[in-house]
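Fold and contact review
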Amino acid sequence: MSSRSLLCVNLGSATSSLIGALSRAGWEVVEAGDLAEAARLQAHLSFTVSLLLIDAGRPALDAELDACVRASRGTEWVAVCDGRLLDSPVFRDLLLSFFFCYLPAPADPQALDLLLRHAYQLALLRRQHGRKELLGESEGMVGQGPAMQRLREQIRKVASNGAPVLIGGESGSGKELAAQGIHRRSRRAAGPFIAVNCGAISPLLIHSELFGHERGAFTGASSQHSGLIEAAHGGTIFLDEIGDLPLELQTSLLRFLQEKTITRVGAVRSIAVDARVVAASHVDLAEAVAKGRFREDLYYRLNVLPIEVPPLRDRMEDVPMLAEYFLRGCAHEAGTRVDGFRRQAMAALLAHDWPGNVRELHNRVRRAVVMADQRLIGAADLGLAPPERAWGGLDAARTAAERDAISVTLSRVGRNITIAARELGVSRMTLYRLMDKHHIVESRDARESLSP
Ligand SMILES: Nc1ncnc2c1ncn2[C@@H]1O[C@H](COP(=O)(O)OP(=O)(O)OP(=O)(O)O)[C@@H](O)[C@H]1O
């Protein structure tokens, strides 16, 4: 049986033989002699299961114990307690609310081991479920760094409002993904999400593409055609590169935003359309307004809820997770044996400044999966030069090396935490803590559940 982390909060007179028996049964026991120590350990380490050993003779600890148990997250509690403690309503309450199970003291080590295993399985299930929920809420956006957390929070907030949203950010940074997230979280989620790249449609066609046309409205209009805004009725219309919209169409869009009606080209009557507008631009629209290229009134109408998607170089902590996510997707598609990054490849990814943002990262990984001759991707496969060893200080170098070593090892051993910890020469608990620090996802399942 592999070793499992167990926090043992010993507030009783449990003998070392019980702890010894649990260690022999495969538990990696970390003992806390009092609640303050337990709180300290919980703050720094993650325990799947926690065991409370408590005697009736202890002075009243109710409030402290309650706080300690409540503060613990992602752990299943098991108690071994003197039966007399059950007379205390507060203790009984705590057991009933927060504990997986309890055994009367003195506990038989074998029975306790079995109970702890059950609690362990339940904790794993809960974690997996929790992670899926978290990823489900992540709008299909990979990344756990502070910038992404902020972006998700903004998406969540604006989604519940019906006002227009203006998304700024460099090309390839994920503006469309953010728009999809807003739609999916809004009350319009069951309606259509229609994405239009205003810069990609010929100026001759864009009017009728967006607003539709009547039969005979212009040469070649042999039948009536409803436009993309109408198609978004009940849902969201995402207008990408809104800065490229010709000025006369800006006027029609402004009218739509004000009156919620559109007029097809060649039509005499207008049609009511209920579609939320989410627009995006990689150019600074305020500047375009100043230069007379964008209508000021439209700018203010659109800019009710502004969101900025940060460039990838400002959230480099997400690069390893994104790279691995794209690698799984591309390798699966291509059916190759490529399944990880060499240390220097990861270092090269972290040294690059990503002018093309996430799209560039995706493309480089896609290329690498095709180019790699070996199981691990090298810097050259990514079209990047191995970075020079100028790390900007020893601390940064140590941090980067630590992150690389963990990512590469996890990839190589198929995300098996026990084997990776052994190879890296640390305990599983230390590895979990380091993964947390570097925002490295735990399992292949987690990544796969990120797939759209
Ligand atoms: N956080 C992310 N997680 C996973 N994939 C992402 C993320 N951000 C962007 N991508 C992917 O990167 C690519 C570019 O994203 P997207 O099209 O949303 O960028 P954009 O800012 O709208 O680009 P443009 O301005 O060129 O239209 C897409 O394939 C998208 O799925």
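Residues numbered from 1 in each chain as written. Predicted model: local features only at pLDDT ≥ 70, side-chain atom pairs only at ≥ 80, totals over all residues. Heavy atoms only, no water.

1. Brief notes about the overall build of the protein
Each helix and strand in the protein was counted, giving 19 helices and 14 strands. Relative to the globule expectation of 22 Å for 452 residues, the C-alpha radius of gyration of the protein, 29 Å, shows a markedly less compact shape. Along the first, second and third principal axes, the C-alpha atoms of the protein reach 90 × 55 × 40 Å. When burial is assessed residue by residue, the protein has 49% of its 452 residues classed as buried. Once local pairs closer than 6 in sequence are excluded, the contacts in the protein between residues at least 24 apart make up 71%. Here the protein displays about 21800 Å² of accessible surface, and carbon together with sulfur accounts for 51% of that area. (Helix = DSSP H or I, 4+ residues; strand = E, 2+ residues; numbered from the N terminus. Rg over C-alpha atoms; globule rule 2.2 N^0.38 Å. Buried < 20%, exposed > 50% of the residue type's maximum accessible area, 1.4 Å probe, protein only. Contact = heavy atoms within 4.5 Å. Areas by Shrake-Rupley, 256 points an atom, 1.4 Å probe, with all protein chains shown as cover.)

2. Structural notes on the site of the ligand
Near the ligand there are 19 residues, and of these Val-142, Ser-171, Lys-175, Asp-240 and Arg-359 occur at the shortest range. Between the ligand and Glu-176, the relevant distance is 3.0 Å, taken from an oxygen atom to a main-chain nitrogen or oxygen of the residue. Arg-359 has a polar side-chain atom sitting 2.9 Å from an oxygen atom of the ligand. Relative to its unbound accessible surface of 620 Å², the ligand loses 84% to contact with the protein. A breakdown of the residues in the shell around the ligand according to their chemical character gives eight nonpolar, five polar and six charged. Both of domain 2 (146-310) and domain 3 (313-448) provide at least three residues apiece to the shell around the ligand. (Near = heavy atom within 4 Å. Polar contact = N/O pair within 3.5 Å; in protein donor to acceptor, adjacent residues only side chain to side chain. Nonpolar A, V, L, I, M, F, W, Y, C, P; charged D, E, K, R; others polar. Domains from an automatic or database assignment.)

3. Here we look at the confidence of the model for the protein
Chain-level pLDDT for the protein is 84 on average; 90% of the residues reach the 70-or-more range. When the criterion is pLDDT under 50, residues 444-452 qualifies, and its contacts beyond four places in sequence or with other chains add up to 19 contacts. (pLDDT = per-residue confidence, 0-100.)

4. So, the nonpolar core
Leu-210, Ile-229, Ile-237, Leu-239, Ile-242, Leu-253 and Phe-294 are the most contacted members of the largest nonpolar core, which totals 31 residues. Once you skip the residues sitting within four places of it in the chain, Leu-253 turns out to touch Phe-211, Ile-229, Leu-239, Ile-242, Leu-245 and Leu-298. Grouped together as the second largest cluster of nonpolar side chains are 30 residues, Phe-326, Ala-331, Trp-354 and Leu-384 included. (Core = buried A, V, L, I, M, F, W, Y, C linked by side-chain atoms within 4.5 Å.)

5. Here's the deal with the sheet that holds strand S6 (residues 165-168)
Judged by pairing direction, the sheet is parallel, and its five strands sit side by side in the order S7-S8-S11-S6-S12 without closing on themselves. The sheet is open, and its two borders are formed by strand S7 (193-197) and strand S12 (305-308), each paired with just one other strand. On average, each strand axis in the sheet is tilted by 20° relative to the strand beside it, whichever way the strands run. The pairing of S6 with S12 spans four bridges and is parallel. Paired with Val-165 across the strands is Leu-305, a residue of S12. (Pairing = 2+ DSSP bridges. Axes fitted to C-alpha atoms, helices over the stretch in contact; angles between N-to-C directions.)

6. Topic: the environment of Val-369
By secondary structure assignment, the location of Val-369 is in helix H15 (residues 357-371). Residue classification places Val-369 among the buried positions, given a relative accessible area of 3%. Ignoring sequence-local partners within four residues, the contact set of Val-369 consists of Leu-327, Cys-330, Ala-331, Ala-334, Thr-336, Val-338 and Ile-377.

7. Brief notes about the pattern of salt bridges
Taken as a whole, this structure holds twelve salt bridges when the rule is applied. Of the charged contacts, one joins Arg-117 and Asp-113 as a salt bridge, the two residues approaching to 3.1 Å between their closest N and O atoms. One end of the pair, Arg-117, and the other, Asp-113, are both in helix H5 (residues 109-136), four residues apart, so they sit about a helical turn from each other. With relative accessibility at 10%, the residue Asp-113 sits in the buried group. Between Arg-264 and Glu-214 there is a salt bridge whose closest N-O contact spans 3.3 Å. Pair noted here: Arg-264 is in the loop between strand S9 (261-262) and strand S10 (271-272) and Glu-214 is in the loop between helix H8 (203-211) and helix H9 (228-231), with a separation of 50 residues, a long-range link. By relative accessible area, which is 22% here, Glu-214 ends up partly exposed. (Salt bridge = Lys/Arg side-chain N within 4 Å of Asp/Glu carboxyl O.)

8. Things to note about the packing of helix H6 (residues 146-159) against helix H7 (residues 175-185)
Where H6 meets H7, the closest approach of the two axes is 8 Å, and the angle between their N-to-C directions is 45°. Put simply, H6 runs oblique to H7. In terms of crossing hand, the pair formed by H6 and H7 is right-handed. In contact with Ile-155, Arg-156, Val-158 and Ala-159 of H6, H7 contributes Ala-178, Gly-181, Ile-182 and Arg-185. Among the residues forming the contact of H6 with H7, the class breakdown is five nonpolar, one polar and two charged. (Parallel < 35°, antiparallel > 145°, perpendicular 65-115°, else oblique. Left-handed = near helix turned anticlockwise from the far one by under 90°.)

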